[in-house]
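If you want the building blocks of each chain, they are given just below.
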Amino acid sequence: MAVKSEPTRILILGGGYVGLYTALGLQKRLRANEASVTVVDPQPHMTYQPFLPEAAAGSIEPRHVVVPLRRVLRRCHVLTARVTAIEHENKTVTVEAPDGHIEQLNYDVLVVALGSVARLLPIPGLAEQGIAIKTIGEAIYLRNHVLSKLDEASSTLDPELRRRMLTFTVVGGGFAGIEALAELEDMTRDACRYYDNIKPEDIRWVLVEAAGRILPEVRETLGVWTAEQLEKRGIEVYLSTAAKSFEDGHVVLSDGTEFDSDTIIWTAGVKANPVVAESDLPTDKRGRLQATATLQVLGHPDVWTAGDVAAVPDLSRTENDPTATCPPNAQHAVRQARHMAKNIIRSLRGGTPADYYHKNLGAVAGLGMHKGVADAMNLKIKGYPAWLFHRAYHVKAMPTFNRKVRILLDWALSGLFRREIVSLGQINNPKEEFERASKS
């Protein structure tokens, strides 16, 4: 029997939940010279997205919600580049480096963990006026932008312009939208104490959701309770209402409501990274890779996948619904990645991969400082206990001991000294002053 002289080349596309945890599992279990692992991602870090709203609101230092890939993946090669094409027939992946050069990577085993991107609808003005909150850059921008609008509104004498500056719109009533809305509203309310001419009632927060309820991840009664709590805080909640236009910051809703807003936060859904739909791998009607319960791509045992980009059968529900797939959340992504790393090792050593099975434990959301909602382990939890549960769950899930400690310290310091209410808006245009000086 011939012995393979070169280590197996494992290529991991994506450095998010799935990519990071798969690489961590592989580097822990691989024997010397058994395989080489390369991780490709356009960013040099993994972002723990559930903490982005708190980073945007100033409860957590933004650098602490990202995990440097090169620091934790010591036995892997990390390549900072964007995947542009997958050709499995030739076992090649095309990537584009930050300097613009194109490179082709070869592999023996492929892990597709490209995740999801924001799902934009053809709404006039959305691309120009809107911003998502899926990256640390977007979270930092939103924090500075929102606080800058308070500064600008405090200084203007035009009442219409002031109203526009103090109107903030969030589109999408899922977890991402509700948590971002609640945390940022909490921050603006807290900031009002430092402005003589801005009161909490001057600030207008608007939530727009096309469905008839918010937080579909929890039972309906908790969604109703959450909507009521938001309205008690003065937040306007529009359900069963679609956004029709955002042109020039003028918001038009399907029920005829119109208003001006300088801030449009778009959280109305995600879609699988479009690179997979353009590849020669099988995808479903939603553009996700068709996966087996072992986390292998259907018909391609040397290609593995998990997370938002994959349609993985949910074995905890397939008895009642044969088409059920795992929901695209961090809970499944992390567990799938750990399971996939073990399966890849089994496969490399001639074993049989095991099926992925995990019964959803529930969902939890933070609604600002000391407020939350949770539907977990068949329990309905509201208010302060849910907020504690939210923080405990996510600090446990945060990768690396280093980041867990930093997050805990951030929370302790923000509780002791209150969060920082200052805009660093200059970082959005850092060369402005330099260019102004060059013209003087």
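Here the structure is shown first, and the text comes after it.
Residues numbered from 1 in each chain as written. Predicted model: local features only at pLDDT ≥ 70, side-chain atom pairs only at ≥ 80, totals over all residues. Heavy atoms only, no water.

(A) Molecular detail of the nonpolar core. Within the largest apolar cluster, 114 residues are counted, with the highest numbers of intra-cluster contacts made by Ile86, Val112 and Trp205. Sort the elements by how many residues they give to this core and helix 7 (residues 175-191) lands first, with eight residues. Sequence-distant contacts of valine 112, defined by excluding residues within four places in its chain, comprise Leu13, Ile86, Val276, Leu281, Leu289, Val303, Trp304, Thr305, Ala306 and Val309. Listed in part, the 14 residues of the second largest apolar core include Val171, Phe246, Leu253 and Trp266. (Core = buried A, V, L, I, M, F, W, Y, C linked by side-chain atoms within 4.5 Å. Buried < 20%, exposed > 50% of the residue type's maximum accessible area, 1.4 Å probe, protein only. Helix = DSSP H or I, 4+ residues; strand = E, 2+ residues; numbered from the N terminus. Contact = heavy atoms within 4.5 Å.)

(B) Quick peek at a positive patch on the surface. The grouping of Lys28, Arg29, Arg338, Lys342, Arg346 and Lys396 at the surface amounts to a positive patch. Elements with a contribution of two residues or more to the positive patch: helix 1 (17-29) and helix 10 (330-348). By secondary structure assignment, the location of lysine 28 is in helix 1. (Patch = residues over 30% accessible without salt bridge, like charges linked within 9 Å, V, L, I, M, F, W, Y side chains within 5 Å. Areas by Shrake-Rupley, 256 points an atom, 1.4 Å probe, with all protein chains shown as cover. Salt bridge = Lys/Arg side-chain N within 4 Å of Asp/Glu carboxyl O. Lys, Arg positive; Asp, Glu negative; His and termini not counted. Charge placed at Lys NZ, Arg CZ, Asp CG, Glu CD.)

(C) Just the sheet that holds strand 6 (residues 82-87), in detail. With respect to topology, three strands assemble into an open sheet ordered 6-7-8, the strand pairing being antiparallel. The outermost strands of the open sheet, each flanked by one partner alone, are strand 6 and strand 8 (102-106). Strand-to-strand twist across the sheet, computed as the mean angle between neighbouring axes with direction ignored, equals 25°. Bridge analysis of strand 6 against strand 7 (residues 92-96) gives five bridges, and the strand direction is antiparallel. Looking at the pairing, valine 83 lines up with valine 95 of strand 7. (Pairing = 2+ DSSP bridges. Axes fitted to C-alpha atoms, helices over the stretch in contact; angles between N-to-C directions.)

(D) Summary view of the packing of aromatic side chains. Taken as a whole, this structure holds five aromatic pairs when the rule is applied. Between tyrosine 48 and phenylalanine 51, the aromatic rings sit 5.1 Å apart at their centres with planes inclined by 55°, giving tilted as the arrangement. The same class applies to tyrosine 48 and to phenylalanine 51, which are both buried. Cation over ring: arginine 204 sits above phenylalanine 259, and NZ or CZ is 4.5 Å from the ring centre. (Phe/Tyr/Trp six-rings, centres within 6.5 Å; stacked < 30°, edge-to-face > 60°. Lys NZ or Arg CZ within 6 Å of the ring centre and 35° of its normal.)

(E) Focus on the environment of alanine 374. Turning to its location among the elements, alanine 374 is positioned in strand 25 (residues 372-376). For the pair alanine 374 and leucine 157, spaced 217 residues apart in sequence, the C-alpha to C-alpha distance is 43 Å. When sequence neighbours within four positions are dropped, the list of residues in contact with alanine 374 reads Leu222, Ala363, Val364, Leu379, Lys380, Ile381, Ala386 and Phe389.

(F) Just the sheet that holds strand 17 (residues 258-260), in detail. The sheet built from three strands is open, its strands ordered 15-16-17 with antiparallel pairing. The open sheet is flanked by strand 15 (243-245) and strand 17, the only strands paired with a single partner. Taking each pair of neighbouring strands and ignoring which way they run, the sheet shows an average axis angle of 35°. With three bridges connecting them, strand 16 (residues 250-253) and strand 17 associate as antiparallel partners. Across the sheet, the residue bridging to valine 251 is phenylalanine 259, located in strand 17.

(G) Representation of the side chain of arginine 391 in the model. Note that arginine 391 resides in helix 11 (residues 383-397). When residues no more than four places from it in sequence are discounted, the contact partners of arginine 391 are Glu54, Ser59, Met369 and Trp411.

(H) Molecular detail of the pattern of salt bridges. For the coordinates displayed, the defined rule picks out 19 salt bridges. Of the charged contacts, one joins arginine 189 and glutamate 185 as a salt bridge, the two residues approaching to 3.0 Å between their closest N and O atoms. Residue arginine 189 and its partner glutamate 185 are located together in helix 7, separated by four residues, close to a single helical turn. On the basis of relative accessible area, glutamate 185 is assigned to the buried category, the value being 4%. Ionic pairing is found between glutamate 185 and arginine 233, a salt bridge with its closest N-O pair at 2.8 Å. Taken together, the residues span a long stretch of sequence, with glutamate 185 in helix 7 and arginine 233 in the loop between helix 8 (220-232) and strand 14 (236-238) at a distance of 48 residues. As far as burial versus exposure is concerned, glutamate 185 and arginine 233 are alike and both buried. When salt bridges that share partners are traced, they join Lys149, Glu152, Arg164, Asp260 and Asp262 into one network.

(I) Highlighting unusual backbone geometry. If you check the backbone angles, serine 240 has positive phi at about 50° while not being a glycine. Here serine 240 shows up in the loop between strand 14 and strand 15. The exposed category is assigned to serine 240, whose relative accessible area is 52%. Here threonine 400, not a glycine, exhibits a phi torsion of approximately 75°, which is positive. Examined against the element boundaries, threonine 400 turns out to sit in the loop between helix 11 and helix 12 (401-417). Look at threonine 400 and you get partly exposed, because its relative accessible area is 26%.

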